[in-house]
Amino acid sequence: MSLDPVTAVDALKAAWPALLAPSLLMGAVAAWRIRQATTMRRREKERPATLRLTPAEFDAMDDRRFDDALRDLLVRQGWPGRRVGGGRRRGRRRQR
């Protein structure tokens, strides 16, 4: 059972509207993925510059600033970070 080339061309001519929508959709998804990958690569290049602290800056931090810097670092790495506590326990255990 062979397919005549003229019949195949006629079939494609008849089916082109049905093939156009999936082709456009795949093209749009491909463009979105390429843009997303490019943005992620750019962010990965920029990240090391924003994560550096000098030893002097690190030593000069108070406890609240250290907590904020650690939270920012975790958020930049993709972890959920939020400020909790603030009870000023200074490392002491709670009395039960």
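Residues numbered from 1 in each chain as written. Predicted model: local features only at pLDDT ≥ 70, side-chain atom pairs only at ≥ 80, totals over all residues. Heavy atoms only, no water.

### Here's the deal with the overall build of the chain
Along its length, the chain carries three helices and zero strands. Taken from the N to the C terminus, the helices and strands of the chain come in the order α-α-α. The buried share among the 96 residues of the chain stands at 3%. In the form shown here, the chain has an accessible surface area of approximately 9300 Å², with 59% of it arising from carbon and sulfur atoms. (Helix = DSSP H or I, 4+ residues; strand = E, 2+ residues; numbered from the N terminus. Buried < 20%, exposed > 50% of the residue type's maximum accessible area, 1.4 Å probe, protein only. Areas by Shrake-Rupley, 256 points an atom, 1.4 Å probe, with all protein chains shown as cover.)

### Let's talk about a nonpolar patch on the surface
A surface patch of nonpolar side chains, about 650 Å² in accessible area, is lined by Leu53, Phe58, Phe66, Leu70, Leu73, Leu74 and Trp79. Top contributing element to the nonpolar patch by residue count: helix H3 (residues 63-76), with four residues. As for its position among the elements, phenylalanine 58 is in helix H2 (residues 55-60). A relative accessible area of 44% means that phenylalanine 58 is categorised as partly exposed. (Patch = residues over 30% accessible without salt bridge, like charges linked within 9 Å, V, L, I, M, F, W, Y side chains within 5 Å. Salt bridge = Lys/Arg side-chain N within 4 Å of Asp/Glu carboxyl O.)

### Some details on the packing of aromatic side chains
Pairs of aromatic rings are described using the distance from one ring centre to the other and the angle between the two planes. In the structure shown here, the tally under the stated rule is one aromatic pair. Aromatic pair phenylalanine 58 and phenylalanine 66: ring centres 5.9 Å apart, planes at 75°, arrangement edge-to-face. (Phe/Tyr/Trp six-rings, centres within 6.5 Å; stacked < 30°, edge-to-face > 60°.)

### Regarding the pattern of salt bridges
Following the criterion strictly, the structure yields one salt bridge and no others. One salt bridge connects arginine 71 with aspartate 68, and the closest N-O pair in it is separated by 3.5 Å. Of this pair, arginine 71 and aspartate 68 both sit in helix H3, three residues apart, which is roughly one turn of the helix.

### Quick look at the confidence of the model for the chain
Low pLDDT means the predicted atomic positions in that stretch should not be read closely. Summary statistics for the chain give a mean pLDDT of 80 and a share of 76% for residues scoring 70 or more. Across the chain, element-level confidence peaks in helix H1 (residues 5-50) with a mean pLDDT of 87 and bottoms out in H3 with 82. (pLDDT = per-residue confidence, 0-100.)

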